[in-house]
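Next come the chains, spelled out residue by residue.
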Amino acid sequence: MMYHLRTFQNYSGGTKGFYVQWLITKEHGSKYAVRRFIVKPGGIMPLHNHKYTEAVVILKGRLRVRADGKVYELGPGDFFFTGPYEPHAIENIGDGEAEFICVISYEDDMSLKPLE
């Protein structure tokens, strides 16, 4: 099965420059989803939360992540995890594209709630 990159247009309020490729989904019989993200320079996903848990591993580029009330600057090989309803934001602070793998749990509520 092949998936193509698509944009998160109006995904979370002011989200811009984020592209996602769904690699593994519940259509494969999985209880979690594995997604690959490309974030253009200056791309941002403003502060938001959701019921599902999220584990992210950065493959390329530099990201600024707000989570746990702190700000982190992360690069290749770094990772972060957000629990249910934990507010977080992601921004590409590098000159080139950033890339990361994101694994999420499937929950009864998969909506994303913008917080700013």
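This text goes with the structure placed above it.
Parameters at a glance
- Residues numbered from 1 in each chain as written.
- Predicted model: local features only at pLDDT ≥ 70, side-chain atom pairs only at ≥ 80, totals over all residues.
- Heavy atoms only, no water.
- Helix = DSSP H or I, 4+ residues; strand = E, 2+ residues; numbered from the N terminus.
- Buried < 20%, exposed > 50% of the residue type's maximum accessible area, 1.4 Å probe, protein only.
- Contact = heavy atoms within 4.5 Å.
- Areas by Shrake-Rupley, 256 points an atom, 1.4 Å probe, with all protein chains shown as cover.
- Polar contact = N/O pair within 3.5 Å; in protein donor to acceptor, adjacent residues only side chain to side chain.

**Description of the overall build of the protein**
Across its full length, the protein carries 0 helices and 10 strands. Each helix (α) and strand (β) of the protein, taken in turn from the N terminus, gives the series β-β-β-β-β-β-β-β-β-β. Residues classed as buried in the protein amount to 41% of the 116 residues present. Counting contacts in the protein only where the partners sit at least 6 residues apart, residues at least 24 apart contribute 67% of the total. Carbon and sulfur atoms make up 55% of the accessible area of the protein, which totals about 6400 Å².

**With respect to the environment of valine 39**
Relative to the helices and strands, valine 39 resides in strand S3 (residues 32-50). Classification of valine 39 by relative accessible area gives buried; the value is 0%. A sequence separation of 55 residues divides valine 39 from glycine 94, and the C-alpha atoms of the two residues are 9.9 Å apart. The contact partners of valine 39, leaving out residues within four places of it in the chain, are Gly17, Phe18, Asn92, Gly96, Glu97, Ala98 and Phe100.

**Some points on unusual backbone geometry**
With a phi close to 55 degrees, aspartate 68 is a non-glycine residue in the positive phi region. Overall, aspartate 68 belongs to the exposed group, its relative accessible area being 52%. For tyrosine 85, which is not a glycine, the phi torsion comes out positive at approximately 65 degrees. By the secondary structure assignment, tyrosine 85 is in the loop between strand S7 (79-82) and strand S8 (88-92).

**With respect to the environment of serine 105**
Here serine 105 is to be found in strand S9 (residues 98-105). Overall, the relative accessible area of 15% leaves serine 105 in the buried class. Expressed as a C-alpha distance, the spacing of serine 105 and threonine 53, which sit 52 residues apart in the sequence, is 5.5 Å. At 3.0 Å, the side chain of serine 105 and the backbone nitrogen of threonine 53 are in polar contact. In this structure the side chain of serine 105 is engaged in a polar contact, spanning 2.8 Å, whose partner is the side chain of glutamate 107.

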